[in-house]
Number of protein chains: 4
Amino acid sequence: MPDQPSEHSHVGRRGGPPNTGPAPELVESGFAWENADAPYLHDGLNLADIAHVLDLDRRGLLPGHARDGLLTVLLELTTVAAREFPYDPAYGEAYNSRERYFVERLGDDAGWLHAGRPRREAARVALRLQLRREVAGLVHDVTAFAAAACGLAGTHVDTLLADQTYLQQAQPSTFGHYVLSFAEPAIRDAQRLLTELAQVNSSPGGAGCVNGSRLLDDRSPLAESLGFGSVIEHTRDAMWRVDELIQVLALCSSIVSNQTKLAEDLEIWSSAEFDFVDLDDSFSRASVLMPNKRNPYSLSIIRGASGILIGRLSGFLAVTKSPSARSDNFIFAYGEVPRAVDLCRRVTRLSTGVLETLVVHPGQMEAALLRGYSQATDLAEQVTQACGVDYRTAYLVVGDVVREASAAGRPGWQITAGDVARAARERTGREWDLSRLDVPSLLDARSIIESRRAEGGASHAAVIAMTRSTRHRLDDLVRRATVQSAAFERSEQDLIATARSILTGART
Amino acid sequence: MPDQPSEHSHVGRRGGPPNTGPAPELVESGFAWENADAPYLHDGLNLADIAHVLDLDRRGLLPGHARDGLLTVLLELTTVAAREFPYDPAYGEAYNSRERYFVERLGDDAGWLHAGRPRREAARVALRLQLRREVAGLVHDVTAFAAAACGLAGTHVDTLLADQTYLQQAQPSTFGHYVLSFAEPAIRDAQRLLTELAQVNSSPGGAGCVNGSRLLDDRSPLAESLGFGSVIEHTRDAMWRVDELIQVLALCSSIVSNQTKLAEDLEIWSSAEFDFVDLDDSFSRASVLMPNKRNPYSLSIIRGASGILIGRLSGFLAVTKSPSARSDNFIFAYGEVPRAVDLCRRVTRLSTGVLETLVVHPGQMEAALLRGYSQATDLAEQVTQACGVDYRTAYLVVGDVVREASAAGRPGWQITAGDVARAARERTGREWDLSRLDVPSLLDARSIIESRRAEGGASHAAVIAMTRSTRHRLDDLVRRATVQSAAFERSEQDLIATARSILTGART
Amino acid sequence: MPDQPSEHSHVGRRGGPPNTGPAPELVESGFAWENADAPYLHDGLNLADIAHVLDLDRRGLLPGHARDGLLTVLLELTTVAAREFPYDPAYGEAYNSRERYFVERLGDDAGWLHAGRPRREAARVALRLQLRREVAGLVHDVTAFAAAACGLAGTHVDTLLADQTYLQQAQPSTFGHYVLSFAEPAIRDAQRLLTELAQVNSSPGGAGCVNGSRLLDDRSPLAESLGFGSVIEHTRDAMWRVDELIQVLALCSSIVSNQTKLAEDLEIWSSAEFDFVDLDDSFSRASVLMPNKRNPYSLSIIRGASGILIGRLSGFLAVTKSPSARSDNFIFAYGEVPRAVDLCRRVTRLSTGVLETLVVHPGQMEAALLRGYSQATDLAEQVTQACGVDYRTAYLVVGDVVREASAAGRPGWQITAGDVARAARERTGREWDLSRLDVPSLLDARSIIESRRAEGGASHAAVIAMTRSTRHRLDDLVRRATVQSAAFERSEQDLIATARSILTGART
Amino acid sequence: MPDQPSEHSHVGRRGGPPNTGPAPELVESGFAWENADAPYLHDGLNLADIAHVLDLDRRGLLPGHARDGLLTVLLELTTVAAREFPYDPAYGEAYNSRERYFVERLGDDAGWLHAGRPRREAARVALRLQLRREVAGLVHDVTAFAAAACGLAGTHVDTLLADQTYLQQAQPSTFGHYVLSFAEPAIRDAQRLLTELAQVNSSPGGAGCVNGSRLLDDRSPLAESLGFGSVIEHTRDAMWRVDELIQVLALCSSIVSNQTKLAEDLEIWSSAEFDFVDLDDSFSRASVLMPNKRNPYSLSIIRGASGILIGRLSGFLAVTKSPSARSDNFIFAYGEVPRAVDLCRRVTRLSTGVLETLVVHPGQMEAALLRGYSQATDLAEQVTQACGVDYRTAYLVVGDVVREASAAGRPGWQITAGDVARAARERTGREWDLSRLDVPSLLDARSIIESRRAEGGASHAAVIAMTRSTRHRLDDLVRRATVQSAAFERSEQDLIATARSILTGART
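What counts as what
Every chain begins its residue count from 1, and numbering advances along the sequence as written. In the order they appear in the text, chains get letters beginning with A and ligands get numbers beginning with 1. Two thresholds apply to this predicted model, a pLDDT of at least 70 for residue-level local features and 80 or more for giving and counting side-chain atom pairs, whereas whole-chain, interface and lining totals are computed over all residues. Excluded from the side-chain calculations are hydrogens and water; all other atoms, namely the structure's heavy atoms, are used. The contact rule is simple, with two residues in contact once any of their heavy atoms fall within 4.5 Å. The term buried area means the drop in 1.4 Å probe accessible area that two parts suffer when joined, counted for both and summed. We count a salt bridge whenever a side-chain nitrogen from Lys or Arg sits within 4 Å of a carboxyl oxygen from Asp or Glu. Distance and chemistry together define a polar contact, namely a pair of N or O atoms within 3.5 Å, with one atom able to donate a hydrogen and the other to accept it when in protein, and with adjacent residues in sequence counting only for side-chain atoms on both sides. In DSSP terms, a helix is any run of H or I states spanning at least four residues, a strand is any run of E spanning at least two, and both are numbered starting from the N terminus. Each residue is assigned to one of three classes by its accessible area relative to the maximum for its type, calculated with a 1.4 Å probe on protein chains only: buried under 20%, partly exposed between the two thresholds, exposed over 50%. Between the first and last residue of a helix there are one fewer steps than residues, each counted as 1.5 Å, and that sum is the expected span. At least two DSSP bridges between two strands are needed for those strands to be called paired.

Further remarks concern the interface of chain B and chain C. The interface is formed by 45 residues belonging to chain B together with 45 residues belonging to chain C. Between chain B and chain C the total buried area reaches about 3700 Å² when both faces are included, carbon and sulfur atoms providing 56% of it. It is Tyr166(B), Glu273(B) and Pro291(B) that lose the most area in chain B upon contact with chain C, and together they represent 22% of the buried surface on that side. Remark: the boundary between chain B and chain C carries zero salt bridges. At the surface where chain B touches chain C, the tally comes to 23 residue pairs in polar contact (both at pLDDT 80 or more).

What follows is the structure in structure tokens.
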């Protein structure tokens, strides 16, 4: 006989909250992990709780004694640092420790805090309050980095440097033109951050668990009281969206990706063999064994942080590869995202300091250029126009010239018209009329650079023009970021002041 | 005696281009890798070359015969598919194969093509021409996905569903509210893509090697001839920036991250045990062994692609962790980035198809809701207001009620005022006055949902309002993306037409 | 005139250690980062320092007063926790704070500690001492996880379960067979860890900066005094190798990758709709808003940790994408690697706890199986043999039977020979002789399972055999890991005892 | 009235295979993706199918005509390349195209192939057959790389080089000691690969869908016929384990991580400014614009590949972050893993070629050393022992000496005892007795190197000893890998020969 539905009596599935405390394994993994993030959420939770109490009060949803008790304790907490608050994994995550604390202080009145709001809404609000400050701060830091690059560019607009590809000398350029190129990606990323800040600074408040709350008709007052620029409309989206977190992490990674390129260049250039630059003592480190060492330690920090941030981004993306509405998406965001932004900020300020104090050796840069052949392309281009030969042929001939000069130990600036004529004859079998070419002046690095007059080129005028426009763009960015930061600060102060005045009013 | 500078005679460092062909190991690694990307660059290289020839011609920098020869061959190539062109790693990367082909066809005249422009500029232009089309296309695909979600939401605005967290029933909601939540991140990512498209569609043309070109006074004509929206000013930045590539990859990852959440939900819900949804046959797959199987194969594809794209992003970020101006940043971008965008597009269209044909089982969703206790929060909230008890106490009492009902096998909708009263008595020792509460109607899922009237909630009106505004936003996005796509197409056609007319003019 | 080597006078490159303290930006980035890792290095640095002093003493390289002073302070420190030691980023990284402390305590005598050993050697030794304990501990944790899976398998060797692919019922199996499959990858990873432990437990000591030390003839005594199993021969390799760190991180990622699959399965199965399993209360969490919720929070922790560890691995790999001998490779390893191992250990213990307390609902599993058609493959296989038709045809016919039964709402166990005969006729136009088939008994899930007698199959005997052999393998692993852990502990105690006795001897 | 279970009539869930073909969106995403991997599975599928037919035949489970037909077609296919077989996404993935082809050729007889074996088992076997060859091949490639490093080390055992940290000269060493350090991680990874090969070369055959097969009593014959070294016992594990794939990818990443460090070093050292090494022309590339350029293109390929492989690993790990038994784990492994191994092999051979043809400039290396102060540590150490001062004090004094010499432009080898005495007096206020020190000979780089006699040091004897033992270890690795490769080849030939003889026997 086949198996038929058997009489396994299924003792009804257990509904309702668990009856026991957490297992030690859970305390040591999940709750310990979450508690370590409390410092990033503490201030924001205080503000979120105050705003929620005021919102409930506005709607007449909690008794006066509960409101007053909660506000009293919460206002106290705004002056208590996270490390002084009894956060303890044994009680659960940060919110649970707070709940326990409120009950100790207020008894049942503490229970009104949870009306119409899941734990997760409070934490989501707190994360956004933390992130909006830090993202705005990061805009400031990134623009300061770009300003430092721009300042250095202004100083070195005439400092000769053979720009490199594959670390091989390519063409004559200047250190000013070079270093200014790091300002550009920084500015773009700062602009992207500002755009994203509008998403970060949106209110998830009043979303209830996921479908909205029966207690609220209108989610704007809460948003306004916390200084959010808008309300995230769809309540399920409000609770669970992670796309701006992905963006913020991707931008952190991009920002330091730009700096790490600069850091690797500077490390190479601060070798004794290049000796193009030197880090200031205060950004270097001694060895404890080797008395000869003066290590550009700062550059290692920048480079390592770049790798770390790549991992923070890919790790978070892997975390969010889950079904929808899964708590791990945030449990593992509350600390990871603020820490990543914090690391990005610290490293960006380090990069700025490195640039601001960088010792540049123009003589070494020029000497290296003059030992090489970076003028060869211009020679070939001039030959093309003067002799009417195609570029590929001119290239091949000049390539032969370089090979010969190099074998003979003669630097590029010593190449002569005769060298070219001879090479042309050998490779093409024809005589080239080079009489229209003043080869020596044509090989002059400064003249070559000055020929790059079109927008964005290395000529003095083009770089000066770029530094000017860059400064304007930076001023604009700083202004916009400052407006945001100030608004965040003010709205948070206003919220606390309102809570105080309500409490005072209640007492009198 | 100490070591002193010895007489190692350093045979002068070899300058100038290499004299021999590539080693087989190099052909099989680097050149084979690069040639595999030729299909992504082929059309763009044709256009970049045509525009460059026209630009040189405009400036009087190449002889008429060279111009005509090059244009003739290049116009021919615009009708030749990449797979029919003799790309061959033995000659180097794609550009080298083209160079060789041009020389075969035109002899020395082919050499004029290289005037004032490194190989890398051609490839950078080609990458951008490819990417701008694909990014605009991706905006179309992502909006179509959001539209499908929105359409399904409209159909199921009244389809009861217990929304879940941790895959545990949370609160009564609707399938319409649920599915609409996936439109929101899609729309945000589509907007970010459109913003980024302006960066992608900027011209690196005329940047010379890195410092600008002596041959050009003005980089705008080239940019305009290719339909670029702007010129990337700083020439070194123009050659080496990768930040928009990082952004595009991050957005691809983010876009599919949203879809993978939906896919994982649908996979769970299409199990026999849930049976909430069923994929259309055309998005399912049979087993070849098990005659009972009808597998939601499409969802595996979406989920796997999400993982792959996380790797493509982190891999590219690791590639760009290098000194500045390193060719690997692009050698490993020319194919990786277009392929990632292509995968993202295909998978997004797959997700759209899954949604458009999804079979939804409202009866099963409702039955599951009615077996559960997702109404409990509303009961507790009502008790709070009706009895003046704090939320925490109400929560504890209702939690007891749920536990009892669950143990007794009674579903949530059968809970009575008596249950609550008894539990309150037991837990608090007090009598609660529940006379103001009509418990049965309060446990009605539809009434609960209708109480979520604030913006973004699950009530009928709120969801209808959101679907309307979503459709407007989508129309706007589609319009903007269409304008872009059309402009790209038109400018490329114009460029070819111009080349043809110059050639015709030259011949007549 | 061309540019010629100009008279930029290059003020000699600054050699020797920096003269000033670190910039605040550096303290807040690099030194703050490194100091946060002090707790992971503290004990190991104490031991490394003691062993180094004893080694110098053995070779007669330091005066008695210096030896005694250093040993006195170092032995004191073995009883001081990291958080009580004055580590302070203002002084540099952890080693610098220690150096400063030793000077405060001992004056110039402290300076003998640095003879023949760079800071980095001390830290490398400390990292390995920390890691070897934790890796051995992780072997214990992973085997405990496998043992829990094995134990559960033993209990449920006869608990029917329709195994699934794509979350669709595939074939009849048992929960025992299912859960035992998670032991296998765990055992393999534990074995890999033990293999790798031999690499971790190798001594870099005596490598000098990079090329060896003039002060040592023999690097074995130091290695033996610290309980290292071998000496890393090549001194440059000894200082800079990271491959075992990559391996350890990859294994952590792999270990939790296995657990996350189990966790996602359990999350799905603990839904009300499946109701196959229930987590113990102590591994669940309540909502603070929703009184109905009992959330399998532990599973979120496992899943999230899996994502985090993917990021830790890819981040570290990105860090090591650098030139050789770069300090960032370790600055960003000292904390990242131990933290990752620690997270892996905690999460593995959590997974073990989840399994050990898991409530399984055999009745629900069986009922779900009996509602479905997972017997279909066996039916087709029997038809193949009984009727001599090829498998594909049998598959198609049985597929039709399943479609019909499903449309009619009849479960698989109710399929009859008549159903098959009719479907065969309709699809093939032929009559099949099914008289040799006892279809009902053939559809019996238990009989099907018992037919899987070959090694590794789901039959009772095969699973019992596997649980037995698994337990033997686990016993062996535990034994080997215990030997290692004990040896580490003993050698560290011996080192401290030796130091004490030398000091006592010196004093007497 | 509350909502009660309503009369939504649930039309029975659709059981059984889908009735329609795939949607275009699915063909263009999933099936196109899978078909692109056919070249990696084609040969293995042929062998897997032949072995399965022979196994069924051995057990008397298929008719002679079916056996002969299948073997005839399959033997034909062993001579057909993947690109010539009509794989077409329109039919599904590769297995579906084959199924279709077999039906075309053999009619219903083709259907016997599917008896007792799911599509996935065939693909799993094919993947392992492909991987075992490639992994063994990779062991060969990695040992060849290590041999090249070892060979170069032997040549340059006396080539002076100041080893560097932070790219700052650290201590005198040799290029031989330096380059040999890259052999060590390569050897360790090769050993890990060989260990892992035993896992890769295990048979999943006979696992049925997941719970075993009713048709087989014994899974060994199939495993033996394919040359697998063992049978994966647990059938569910056999089908779904991914841990060896993670390991293989992690090892590929680790292998190239080692090479990328070398490549970055060589790129820096092949700059004109260092000029320590030069790549052979055949591993370099010309610019098409700049006639001066000779680019170390190979190094860019190595570095970029390192980044790509980091992404392939993290992407695959993200793919496997799923519930258990999910097809995406393999759909996205069939191509990704073999491609990653292939890239790793090509790049490893490239690195080997770079080393084998590397032009080393000993004179430049020595000159750079002599310009610097890398002897300073030895000076301080000698002072310590000669004067009885602690190392920290000696370090500070020598640091002062270096600073002064450097400011005066005097290189390290010109430092005198007087310099030390003066600096000691100024810093310590004491006179140091330096009479026992022969400072000049003490500063001799070769003497310093020769003092590194302990195992693994840079002295001539120590490096020679290491090259010898390295060669022995490499010989052993090569021998073991060759045994494996040969066994794979032989077993595959034997299988084909067996099939041929059975077919011939059947025909006669």
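Having put the structure on the table, let's press on.
Next up on the list: the pattern of salt bridges. It is possible for side chains of opposite charge to pair when their charged atoms get near one another. Applying the stated rule across the entire model yields 179 salt bridges over all chains. Ionic pairing is found between Asp57(C) and Arg67(C), a salt bridge with its closest N-O pair at 3.2 Å. Of the two residues, Asp57(C) sits in helix H2 (residues 38-58) while Arg67(C) sits in helix H3 (residues 64-77), which places them 10 residues apart along the sequence. The partner of Asp243(C) in a salt bridge is Arg188(D), with the nearest N and O atoms 2.7 Å apart. Linking Asp243(C) in helix H10 (residues 243-269) with Arg188(D) in helix H7 (residues 183-200), this pair reaches from one chain into another. Take Asp243(C) and Arg188(D): they sit in the same class, and that class is buried.

Our next topic: helix H13 (residues 336-356) of chain C. The end-to-end C-alpha distance of H13(C) is 30 Å, a good match for the 30 Å that 21 residues give at a rise of 1.5 Å each. The buried fraction of H13(C) is high, at 16 of 21 residues.

This next bit is on the side chain of Asp49(B). Relative to the helices and strands, Asp49(B) resides in helix H2 (residues 38-58). Not counting residues up to four positions away in its chain, the partners in contact with Asp49(B) are Leu74(B), Tyr95(B), Arg98(B), Phe102(B), Leu113(B), Arg117(B) and Ala122(B).

This brings us to the pairing of strand S1 (residues 160-165) of chain D. Residue and element names in this part refer to chain D. With six of its six residues buried, S1 lies for the most part within the structure. Where burial is concerned, the two faces of S1 agree: the one with Leu160, Ala162 and Gln164 and the one with Leu161, Asp163 and Thr165 are both buried. Pairing of S1 with strand S2 (residues 168-174), which is carried by six bridges, proceeds in the antiparallel orientation. Across the sheet, Leu160 pairs through a bridge with Thr174, a residue of S2. Two successive antiparallel strands, S1 and S2, enclose a turn made up of two residues, where Tyr166 displays a positive phi of approximately 55°.

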